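Descriptive analysis of the structure
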Amino acid sequence: MSGFAPDELAAVVGAAHVLTDPDVTERYRTDWTGRRTGRADAVVRPRTTDEVSALLRCCGRAGVAVVVQGGNTGLVGGSVPAVEADGPVVILSTERMTEVGAVDTVEMCVGVQAGATVADVQRAAAAAGCHFGIDLASRDSATAGGIVATNAGGVHVVRHGSTRAQVLGIEAVLADGRVVRRWSPLRKDNVGYDLPGLLAGSEGTLAVITGVLFALGEPRGATAVAIIGCDTADRVFELVAAVRRGGLTVEAAELMTAAGIDLVVAAGARPALRSGPRFQVLIEASGADPADELATVLAAAGVDDAVVEAGPARDLWALRERHTETIAASSATVPVKLDVGIPHRDVDGFLAELEQLSADVGHPCRPVVFGHVADGNLHVNLLDVPDGEQAALAHRVLELVVARGGSVSAEHGIGRDKREWLPVVRDGADVDVMRAIKRAWDPAGQLNPGVLFP
Ligand code: FAD
Ligand code: MLT
Ligand code: ZN
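Residues numbered from 1 in each chain as written. Chains lettered and ligands numbered in written order. Predicted model: local features only at pLDDT ≥ 70, side-chain atom pairs only at ≥ 80, totals over all residues. Heavy atoms only, no water.

**Some words on the overall build of the protein**
The cut-off we apply is this: Each helix corresponds to a stretch of at least 4 residues labelled H or I by DSSP, and each strand to a stretch of at least 2 residues labelled E; elements are numbered beginning at the N terminus. Atoms counted for the radius of gyration: C-alpha only. Globule rule: 2.2 Å times residue count to the power 0.38. Only protein chains enter the accessibility calculation, which uses a 1.4 Å probe; a residue is then buried when its area is under 20% of its type maximum, exposed when over 50%, and partly exposed in between. Residue-level accessible areas treat just the shown protein chains as cover; the underlying method is Shrake-Rupley with a 1.4 Å probe.
Helix and strand counts for the protein come out as 16 helices and 15 strands. What you see for the protein is a C-alpha radius of gyration of 22 Å, in line with the 22 Å of a compact globule of 454 residues. Taking the principal axes of the C-alpha coordinates as reference, the protein spans close to 70 × 60 × 45 Å. Across the 454 residues of the protein, 54% fall into the buried class. As displayed, the protein has an accessible area near 18,400 Å², and 51% of this comes from carbon and sulfur atoms.

Structure (structure tokens):
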């Protein structure tokens, strides 16, 4: 490693937490999809904010780039170094920073270290009789720092908003080693720029998040889960509105297509409907007597192809939660994974265009679409696409999205995979301001070089 020897890192974190053997570091250098294996001179694993600060000062002096990594479940290539990183680079893993503070049931919040997983936060909240608003299928690995850095969404955005909406405070270390700490349970504190809000979605390019103060809510109470057969997305939106007008709270609304249901049922998930409708939508709702009320609302809305179960209805949720893993296992190539936002009125039109494009494209392309439909967020997975065709196909699909005023990344971020879209969907002044912010926070471009910006 040019610049400085690993022993300078070891002086900070201990030799056991500086990994340099390529066989050992491979799992850190390879992203969850398996698409990317980057180059890194070392993986360093600090325990405390002070150690992070010392590491960044050390790397800054030596001109060593730093890629921050939490659970390495990111899906846009932002959590691993470039394949051909030019110059020394280390991965700073927060996997040893897992402390979860005591839940404050008066201020309804909990402070955690960046490496604590979503499941850790959920468990701490539940044990104190509170509720953490973020849930996603990667909960056992995705970390507090990672979900803030990607402003992760998940299945309850429709009820609680994205991760940014759960962040009350943040502790982060700047590239020069200084520590910024905003750590107050106050729900209103308008003193200066919203630094926590800016770090949400920063994808490791502005600072290393070392701690997060999350807001917590009251427990949800009883829920019910319905799986409903539908033929259009417009019908799904009608049903979500009907459930709300029926006095229930919509906790989740997840669209699945027949192709995805076939995959997860073939992988062992219990089918919910005997029919094979074009779409199956999972709606989870809370209320006084949710199972009965939900069944009543759906019957009144003319639904005749549905099952309703009392929550948590894990078998019904398994139909949705097993999509990502079964898609990855089923595809002959690494699936093209697009995470798009589409205006409600355009979802059916977009899906029709996508089906047509997949049929006409002239090479293998098996679309499996699912996602957080009430947020307008669809996960477009294109399976079996030959490696040499993937970039052009992704581009054609994202052009359809942009033509409909959609988002090329609804919740996963830009990472390395979608950075060439930044100047397409954000105008000159917008990109200039973001670059100016990046220069102000990280003047040497040391943090996650190549992520977010072309
Ligand atoms: P990593 O993958 O380690 O890193 C992601 C990005 O955050 C990188 O740019 C990294 O540099 C940065 N980062 C990580 N930690 C820090 C830190 N401490 N400080 C600064 N930057 C940091 N995402 C959703 O939004 N919604 C979903 O429903 C969802 N479901 C998923 C289901 C599965 C099965 C899988 C595999 C992934 C899913 N994801 C989902 C994607 C992923 O879980 C999220 O992007 C998550 O936020 C990543 O967290 P992580 O700790 O794994 O971060
Ligand atoms: C999900 O909602 O399951 C995730 O965002 C993962 C994916 O897109 O595969
Ligand atoms: Zn998602």
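Next comes the rest of the description.
**Comments concerning the pattern of salt bridges**
Quick note on the threshold: Any Lys or Arg side-chain nitrogen found within 4 Å of a carboxyl oxygen on Asp or Glu counts as a salt bridge.
This model, assessed by the stated rule, comprises 23 salt bridges. With a shortest N-O distance of 3.0 Å, Glu 251 and Arg 159 are connected by a salt bridge. Of this pair, Glu 251 sits in strand β10 (residues 249-257) while Arg 159 sits in helix α6 (residues 157-160), and the two are 92 residues apart along the sequence. Residue classification places Glu 251 among the buried residues on the basis of a relative accessible area of 0%.

**Topic: the sheet that holds strand β6 (residues 167-173)**
So the rule is basically this: Only strands joined by at least two bridges in the DSSP assignment are considered to pair. Lines are fitted to the C-alpha atoms to define the axes, a helix being fitted only along its stretch in contact, and any angle between axes, read from their N-to-C directions, falls within 0 to 180 degrees.
Spatially, the 4 strands line up as an open sheet ordered β5-β8-β6-β7, and their pairing is antiparallel. Two strands bound the open sheet, and with one partner strand each, they are β5 (109-113) and β7 (179-182). Taking the axes of each pair of neighbouring strands and ignoring which way they run, one obtains an average angle of 15° across the sheet. Two elements, β6 and strand β8 (residues 208-215), share 6 bridges in a ladder whose sense is antiparallel. Bridge pairing in β8 places Ile 170 opposite Val 212.

**Quick word on helix α12 (residues 323-330)**
Filter applied, for reference: By construction, the arc corresponds to the directions joining the helix axis to the C-beta atoms. Contact criterion: two residues are considered in contact whenever any of their non-hydrogen atoms come within 4.5 Å of each other.
Those residues of α12 not exposed but buried are His 323, Thr 326 and Ile 327. Looking straight down α12, one finds its buried side chains confined to an arc of 105°; they lie on one side. Among the structural elements, β10, α9 (258-266), α11 (314-321), β14 (366-371) and β15 (377-383) are those in contact with the buried residues of α12.

**So, the pairing of strand β13 (residues 336-341)**
Within β13, 6 of the 6 residues are buried, which leaves the element mostly enclosed by the surrounding structure. The side-chain alternation of β13 yields two buried faces, one formed by Val 336, Leu 338 and Val 340 and the other by Lys 337, Asp 339 and Gly 341. Bridge count between β13 and β15: 6 bridges; the pairing is antiparallel. When the sheet's bridge partners are listed, Gly 341 is paired in β15 with Asn 377.

**Examining the site of ligand 1**
Note the cut-off: The rule for a residue being near a molecule or strand is that one of its heavy atoms must lie within 4 Å of it. Identification of polar contacts relies on pairs of N or O atoms within 3.5 Å, with a donor-acceptor requirement for protein atoms, meaning one able to donate a hydrogen and the other able to accept it, and with residues adjacent in sequence counted only if both atoms are side-chain atoms. Cavities and pockets are found on a 1 Å grid laid over the protein atoms alone: a cavity is a set of points where a 1.4 Å probe fits but cannot escape, a pocket is an open set with protein on both sides within 12 Å along at least five of seven lines, and a lining residue has an atom within 4 Å of such a point. In this description, a molecule resides in a pocket or cavity if more than half of its atoms sit within 2 Å of the grid points defining it.
Close to ligand 1 lie 36 residues; Val 68, Gly 70, Thr 73, Gly 74 and Thr 143 are nearest. Residue Asn 72 places a main-chain N or O atom 2.9 Å away from an oxygen atom belonging to ligand 1. Gly 74 is positioned with one of its backbone polar atoms (N or O) 2.7 Å from an oxygen atom of ligand 1. Considered on its own, ligand 1 offers 970 Å² of accessible surface; in the complex 96% of this is hidden by protein. Among the detected pockets, ligand 1 sits in the largest pocket.

**Overview of the packing of aromatic side chains**
Heads up, the rule is: What counts as a ring pair is set by centres within 6.5 Å for rings of Phe, Tyr and Trp (its six-membered ring), and what kind of pair is set by the plane angle: stacked under 30 degrees, edge-to-face over 60, tilted for all other angles. Criterion for a charge above a ring: Arg CZ or Lys NZ at most 6 Å from the ring centre, at most 35 degrees from the ring normal.
Counted according to the given criterion, the structure contains 1 aromatic pair. Cation over ring: Arg 181 sits above Trp 183, and NZ or CZ is 4.4 Å from the ring centre.

**Some words on the sheet that holds strand β9 (residues 223-230)**
In space, the 7 strands of this open sheet follow the order β12-β9-β11-β10-β14-β15-β13, with antiparallel pairing throughout. Here the strands that pair on one side only, and so sit at the sheet edges, are β12 (306-310) and β13. Averaged over all neighbouring strand pairs, the angle between strand axes comes to 15°, with direction disregarded. Its contacts with the sheet put helix α8 (residues 233-245) on β9, β10 and β11 (279-286), and the angle it makes with β11 is roughly 15°. Docked against the sheet, α11 engages β9, β10, β11, β12, β14 and β15, running at close to 50° with respect to β10.

**Some remarks on the nonpolar core**
As a reminder of what qualifies: We define a nonpolar core as any set of buried Ala, Val, Leu, Ile, Met, Phe, Trp, Tyr and Cys residues linked to one another through side-chain atoms lying within 4.5 Å.
Ranked by internal contacts, the top residues of the largest apolar core, which has 54 residues, are Ile 228, Val 243, Val 340, Phe 350, Leu 378 and Leu 382. A per-element tally of this core places α8 first, with 7 residues. Beyond its immediate chain neighbours, meaning those up to four positions away, Val 243 contacts Leu 248, Val 250, Ile 283, Ala 285, Leu 294, Val 297 and Leu 298. Grouped together as the second largest cluster of nonpolar side chains are 33 residues, Val 112, Ala 149, Ile 170 and Ile 209 included.

**Some details on the site of ligand 2**
Threshold: Each residue gets one of three labels, nonpolar for Ala, Val, Leu, Ile, Met, Phe, Trp, Tyr, Cys and Pro, charged for Asp, Glu, Lys and Arg, and polar for the others, Gly among them.
The environment of ligand 2 is made up of Leu 75, Arg 320, Thr 324, Lys 337, Phe 370, His 372, His 379, Glu 411 and His 412. Residue Thr 324 places a side-chain N or O atom 2.9 Å away from an oxygen atom belonging to ligand 2. Within the side chain of Lys 337, an N or O atom sits 2.8 Å from an oxygen atom of ligand 2. For ligand 2, whose unbound accessible area comes to 270 Å², protein coverage reaches 87%. Here ligand 2 occupies the largest pocket. Of the residues assigned to the shell around ligand 2, the class counts are 2 nonpolar, 4 polar and 3 charged.

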